[in-house]
Amino acid sequence: MNNDQFGIKEALSELGLKETNSGTSTGSNWLDSKGDILESLSPVDGNLIGKVSSTTPEQYEEVVKTAQEAFKSWRTVPAPKRGEVVRQIGEELRKYKEPLGKLVSFEMGKSYQEGLGEVQEMIDICDFAVGLSRQLHGLTMHSERPNHRMYEQYHPLGVVGIISAFNFPVAVWSWNTMLAWVCGDVCIWKPSEKTPLCGVACQNIINKVFAENDVPEGVSCLVNGDYQIGELISNDTRVPLVSATGSTRMGKKVGAAVGARLGKSLLELGGNNAIIISKDADLDVAITGALFGAVGTCGQRCTSTRRLIIHSSKYDEVKEKLTGAYKQLKIGNPLDVNNHVGPLIDKDAVNMYLSALDQVKEQGGNIIVEGGVLEGEGYESGCYVKPVIAEASNEMQIVQHETFAPILYIMKYDTIDEAIELQNGVAQGLSSAIMTTHMREMEQFLSQAGSDCGIANVNIGTSGAEIGGAFGGEKETGGGRESGSDAWKVYMRRQTNTINYGTELPLAQGIKFDL
Ligand code: NAD
């Protein structure tokens, strides 16, 4: 299918993308393309979309120094004024929603609807951050000493490094950046090497707003490249906070590097998310939730549904309904609204999917909806695969592993205690859900003895979070929280202040020190 009919060329040009783009910027200044070239191939049709030059270590130095300098003035701009700049970014994103949504879809492979949804999330977090810019509250406490006042306040940290994954190529950056900016920090973003054009496009959008507001060079920086540029960030003592989104394998390395220098890290890593379908579930809701969770974004969401834990009395019915629904799925170009499932990101991902299917069989799983790689017209990129359902158990090693592909494991339970134990019986702890109309089951699932995940939903699938809540997970998901609620606190340092307005100097705890 010719992608021009979806307006890809126009979108690239509207976003200011060229055939070859510098991947290094401190704002309006784009550094010369000196580093290795990253070729961005679309998983949709396998063709080259554009090229982006990697950042060299020397260029990285220049970027960090410019960011440090920018911090000195940006931190003194009143927070509501920083919020006003973020408000204008939100307005600009509204204007670019369609071209940027299209680029997200074409470079990453998710449906155009989801691409638009991702840009909408960016707009939502801008709105959230604008309000937040007037609410960076600390507490006031009563001092135990007479004529003393004690309170705490939050100050910006400095340079925030953001390392992001391919599957949310723009939203995750905005969750971090918009909050960090209103908090008074400056940001250096390293997008995934699989989606570098999304990074360049976002920087172009920001630059326009920053220029109109005289925001100093260095508040919004972009670097590009593979894990080596990521390592420069995680080892850099000038970067007090590193927010890293990606695999648990990556997070263990980044967490160790940042921890070794006693920096702060915010880790958003892999999930192994389950939905419990109770005997009291509304099955229409349950099947729809499970279907979107398992095959949406071709199973490439950190919150994708990987396991279904089904009450034994409903097992056969759910299996039959789900199998029927899988037969109706249309797999193909994600820009075409008639398709439900797009491609995997690249051929490496396809190989990991195939290897996982071999392991399912070797480890005793029973595949009930067969997989395979699609070939022929429309599937030339070699990245389109069939979503799979397999009967399996937590004991199988492959079920413990997050395979970033549409493979759904189904299993049975008899008691709610058993279901919760199965749900929690994996190394990851991101998202979880129960489908039930039974109040006791629901409350048990949400109680301290229930789901051990950062996200626990009722009658909603595991994916599709809103920006207003804190987003993140426990255990091998890394423990970080981003986006809404009080996640902003991680981008700031807390300072406790005690002021003596009296004429004496009483010591705390009544300690006497008289001469
Ligand atoms: P990945 O781990 O391969 O790469 C993520 C980013 O980390 C990339 O920018 C990469 O260049 C960088 N990187 C890799 N090794 C590094 C190292 N040693 N030091 C510094 N940087 C390094 O992940 P991916 O394939 O792009 O994305 C998929 C993964 O991301 C999945 O595991 C998914 O669950 C996870 N994810 C998690 C969340 C969340 O919020 N929990 C959100 C999106 C994606």
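Everything numeric in this text was worked out from a predicted model, so none of it was measured. (Residues numbered from 1 in each chain as written. Predicted model: local features only at pLDDT ≥ 70, side-chain atom pairs only at ≥ 80, totals over all residues. Heavy atoms only, no water.)

A.B. asks: How would you sum up the pattern of salt bridges? Please name residues and give values.
C.D. replies: Where side chains of opposite charge bring their charged atoms close, a pairing between them can arise. Enumeration according to the criterion identifies 20 salt bridges in this entry. Residues Arg301 and Glu114 are paired through a salt bridge, measuring 2.9 Å at the closest nitrogen-oxygen approach. Of this pair, Arg301 sits in the loop between α10 (283-295) and β12 (305-311) while Glu114 is found in helix α5 (residues 112-132), placing the two residues 187 residues apart along the sequence. Each member of the pair, Arg301 as well as Glu114, is classed as buried. Linking Glu391 and Lys319 is a salt bridge whose minimum nitrogen-to-oxygen distance equals 3.2 Å. Residue Glu391 is located in strand β14 (residues 388-391), and its partner Lys319 is located in helix α11 (residues 315-327); the two are separated by 72 residues in the primary sequence. Overall, the relative accessible area of 18% leaves Glu391 in the buried class. On the basis of relative accessible area, Lys319 is assigned to the partly exposed category, the value being 24%. (Salt bridge = Lys/Arg side-chain N within 4 Å of Asp/Glu carboxyl O. Helix = DSSP H or I, 4+ residues; strand = E, 2+ residues; numbered from the N terminus. Buried < 20%, exposed > 50% of the residue type's maximum accessible area, 1.4 Å probe, protein only.)

A.B. asks: Account for the packing of helix α3 (residues 79-95) against α5, naming residues and giving values.
C.D. replies: Running from N to C, α3 and α5 point in directions that differ by 160°, and their axes come no closer than 8 Å. Put simply, α3 runs roughly antiparallel to α5. Read as a crossing pair, α3 and α5 show a hand that is left-handed. Contact residues: Gly83, Val86, Arg87, Ile89, Gly90, Leu93 and Arg94 in α3; Val119, Met122, Ile123, Cys126, Asp127, Ala129 and Val130 in α5. In the contact of α3 with α5, the residues fall into nine nonpolar, two polar and three charged. (Axes fitted to C-alpha atoms, helices over the stretch in contact; angles between N-to-C directions. Parallel < 35°, antiparallel > 145°, perpendicular 65-115°, else oblique. Left-handed = near helix turned anticlockwise from the far one by under 90°. Contact = heavy atoms within 4.5 Å. Nonpolar A, V, L, I, M, F, W, Y, C, P; charged D, E, K, R; others polar.)

A.B. asks: For the sheet that holds strand β17 (residues 431-435), give the residues involved together with the corresponding values.
C.D. replies: Ordered in space as β13-β14-β15-β12-β11-β17-β18, the seven strands form an open sheet in which the pairing is mixed. The two strands at the open ends of the sheet, each matched to only one other strand, are β13 (366-369) and β18 (455-458). On average, each strand axis in the sheet is inclined to that of its neighbour by 25°, with strand direction left out of account. Both strand β11 (residues 273-277) and β17 contribute to a ladder of four bridges, which runs parallel. (Pairing = 2+ DSSP bridges.)

A.B. asks: Go over the domain arrangement of the chain, please, and point to the residues and values.
C.D. replies: For an interface, size is often stated in terms of accessible area lost upon the parts coming together. According to the domain assignment, the chain contains domain 1 (3-76 + 138-268 + 485-494) and domain 2 (273-466). Between domain 1 and domain 2, the C-alpha centre-to-centre distance is 32 Å. At the junction of the two partners, domain 1 supplies twelve residues and domain 2 supplies 16 residues. Buried area between domain 1 and domain 2, both sides added, is near 1,200 Å², and the carbon and sulfur share of it is 70%. Per-residue buried area on domain 1 facing domain 2 is highest for Pro43, Val44 and Phe166; these three make up 43% of the total on that side. Here Lys194 ties to Asp346 by a salt bridge, and the two come within 3.8 Å at their closest N and O atoms. Across the contact surface, domain 1 and domain 2 share three residue pairs in polar contact (both at pLDDT 80 or more). The class makeup of the residues in the side of domain 1 that touches domain 2 is six nonpolar, four polar and two charged. (Domains from an automatic or database assignment. Buried area = accessible area lost by both parts, 1.4 Å probe. Polar contact = N/O pair within 3.5 Å; in protein donor to acceptor, adjacent residues only side chain to side chain.)

A.B. asks: Summarise the sheet that holds strand β6 (residues 159-163); cite the residues concerned and give the values.
C.D. replies: With parallel pairing, the five strands of this open sheet are ordered in space as β8-β7-β6-β9-β10. The open sheet has two free edges, formed respectively by β8 (220-222) and β10 (264-268), since each of these has just one partner strand. On average, each strand axis in the sheet is inclined to that of its neighbour by 15°, with strand direction left out of account. Direction of pairing for β6 relative to strand β9 (residues 241-245): parallel, over a ladder of four bridges. Paired with Gly161 across the two strands is Val242, which belongs to β9. The strands touched by helix α7 (residues 196-212) are β7 (186-190) and β8; relative to β8, the strand with the most contacts, the crossing angle is about 155°.

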